[in-house]
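# Topology and contacts: notes
The lines below spell out each chain.
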Amino acid sequence: MVYALFMLAILIVLGAMWRRHRAAVPLLLVTLVLVVAFLVSDMTTPLTLSF
Amino acid sequence: MPRLYLLAATVNAWVLILVLALAFVVQFASGELPCPLCVMQRIGLMLCALAPLYVLISQRDGEVTVRDVAVAGGIGVVAGLVGAAASARQVMLHILPNDPGFGHPVFGLHLYTWCLIAFLAQIAASGLMLVGLVWLTKSRLRPWPLTGMTAAALTVVVAANIVSVVAEAGFNWLLPENPIHYLLFK
């Protein structure tokens, strides 16, 4: 469900851009920060290379 | 030069939309459900597509300005880096010898490897767009005819992905690591 929320946020940003709302870029930055935060928190499996 | 920017932004947006559509074709044609990292890469592609669309939508005022191209270039670089992080992560997860990778390869490479290439290309394209500002001249233009169609196509692709991911995750907050069924219909 969280992925759908991110995509919904992207749609909202697109709508704000279309309406030339001044919140479009700040909303986009918030979405980017949330996606990065989720991506980092989701990296629970450590990358281990064994030879 | 402003027209060249509009053409480049249109091509950039449509390439990203087509990559997202192709991911859908692979999902339904081969019955491979996207894993959580695959969905994150799709989100990265959608964020990247907002960069050229920013130029196209801003041009409806009748002009391509340095400010708009600079903002779009910044969006493209940052979104490209986010997407590249997700796809590089998945490449690293399957980098060991004899690892079959996730899903079937397309033209010899897995989709996450193609995604990494796409994100790096997006970063390069955004950089070139910024460098090209040296030659951007001021001129009034008629509204670009493809802006509405491009924005509509991205809206459709994003909306379809929302439906797909809700069907896949069901009422769960996260996706299973190796999804096999659409949990909403189970």
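Everything that follows concerns the structure shown earlier in this document.
The notes below deal with the structure included here. (Residues numbered from 1 in each chain as written. Chains lettered and ligands numbered in written order. Predicted model: local features only at pLDDT ≥ 70, side-chain atom pairs only at ≥ 80, totals over all residues.)

### Quick look at the overall build of chain A
The condition that has to hold: Helical segments are the DSSP runs of H or I of at least four residues, strand segments are the runs of E of at least two, and each set is numbered from the N terminus. Whether a residue is buried, exposed or partly exposed follows from its count of other C-beta atoms within 10 Å of its own C-beta, namely 20 or more, 12 or fewer, or something in between, respectively; the C-beta atoms are built from the backbone.
Within chain A, the secondary structure is distributed over 2 helices and 0 strands. Counting only residues that meet the buried cut, chain A has 25% of its 51 residues in that class.

### Examining the overall build of chain B
Inclusion rule: Residues are defined as contacting one another if the C-beta atoms placed from their backbone atoms lie within 7 Å.
Assigned secondary structure in chain B consists of 5 helices and 0 strands. Walking chain B from its N terminus toward its C terminus, one meets helices and strands in the order α-α-α-α-α. By sequence separation, contacts in chain B at least 24 residues apart represent 79% of the contacts at least 6 residues apart.

### Quick notes on the nonpolar core
In a soluble, globular protein the nonpolar side chains are often hidden away together inside. What counts is decided by this rule: To count as a nonpolar core, a set of buried Ala, Val, Leu, Ile, Met, Phe, Trp, Tyr and Cys residues must be joined through C-beta atoms within 7 Å.
Within the largest apolar cluster, 64 residues are counted, with the highest numbers of intra-cluster contacts made by Ala-49, Leu-50 and Leu-53 of chain B. Only α1 (2-18) and α2 (24-42) of chain A together with α1 (2-29), α2 (36-58), α3 (66-93), α4 (111-131) and α5 (147-169) of chain B provide two or more residues apiece to this core. Broken down by element, this core gets its largest block of residues, 17 residues, from α2 of chain B.

### Here's the deal with the environment of Gly-31 of chain B
Examined against the element boundaries, Gly-31 of chain B turns out to sit in the loop between α1 and α2. Taking the C-alpha atoms as reference points, Gly-31 of chain B and Ile-180 of chain B, separated by 149 residues in sequence, lie 8.9 Å from one another.

### Describing the packing of α2 of chain B against α4 of chain B
All names here are of chain B. Inclusion rule: The angle between two axes is taken between their N-to-C directions and runs from 0 to 180 degrees, where each axis is a line fitted to C-alpha atoms and a helix contributes only its stretch in contact. Roughly parallel means an angle under 35 degrees; roughly antiparallel, over 145; roughly perpendicular, 65 to 115; everything else is oblique. Helix crossings are classified by the rotation of the near helix relative to the far one: an anticlockwise turn of less than a right angle makes the crossing left-handed, while a clockwise turn makes it right-handed.
Contact geometry of α2 with α4 gives a least axis separation of 11 Å together with a crossing angle of 20°. Classified by the interaxial angle, the pair formed by α2 and α4 is roughly parallel. For the pair α2 and α4, the sense of crossing is left-handed. Contacts between α2 and α4 involve Leu-37, Cys-38, Gln-41, Gly-44, Leu-45, Cys-48 and Ala-51 on the former and, on the latter, Leu-111, Tyr-112, Cys-115, Ala-118, Phe-119, Gln-122 and Ser-126.

### Considerations on the interface of chain B and chain A
Interfaces are often sized by the amount of accessible area the parts lose when they come together. Each side of the interface is counted separately: chain B has 34 residues, and chain A has 23 residues. Looking at the side of chain B that touches chain A, the elements with two or more residues in it are α2, α3 and α5 of chain B.

### Examining the packing of α2 of chain A against α2 of chain B
Across the interface, α2 of chain A lies against α2 of chain B with an axial gap of 12 Å and an inter-helix angle of 160°. It follows that α2 of chain A is roughly antiparallel to α2 of chain B by the angle criterion. When the axes of α2 of chain A and α2 of chain B are compared, the crossing they make is left-handed. Contacts between α2 of chain A and α2 of chain B involve Leu-28, Leu-32, Val-35, Leu-39 and Asp-42 of chain A on the former and, on the latter, Pro-36, Met-40, Ile-43, Leu-47 and Leu-50 of chain B.

### So, α1 of chain B
Residue and element names in this part refer to chain B. Selection criterion: Given the number of residues in a helix, its expected span is that number minus one, multiplied by 1.5 Å.
Between the first and last C-alpha of α1 there are 40 Å, a value that for 28 residues agrees with the 40 Å anticipated at 1.5 Å per step. Among the residues of α1, Pro-2, Tyr-5, Leu-6, Ala-9, Thr-10, Asn-12, Ala-13, Leu-16, Ile-17, Leu-20 and Ala-23 are the ones counted as buried. Close packing links the buried residues of α1 with α2, α3, α4 and α5. After α1 finishes, the residue Gly-31 shows a positive phi value of roughly 65°.

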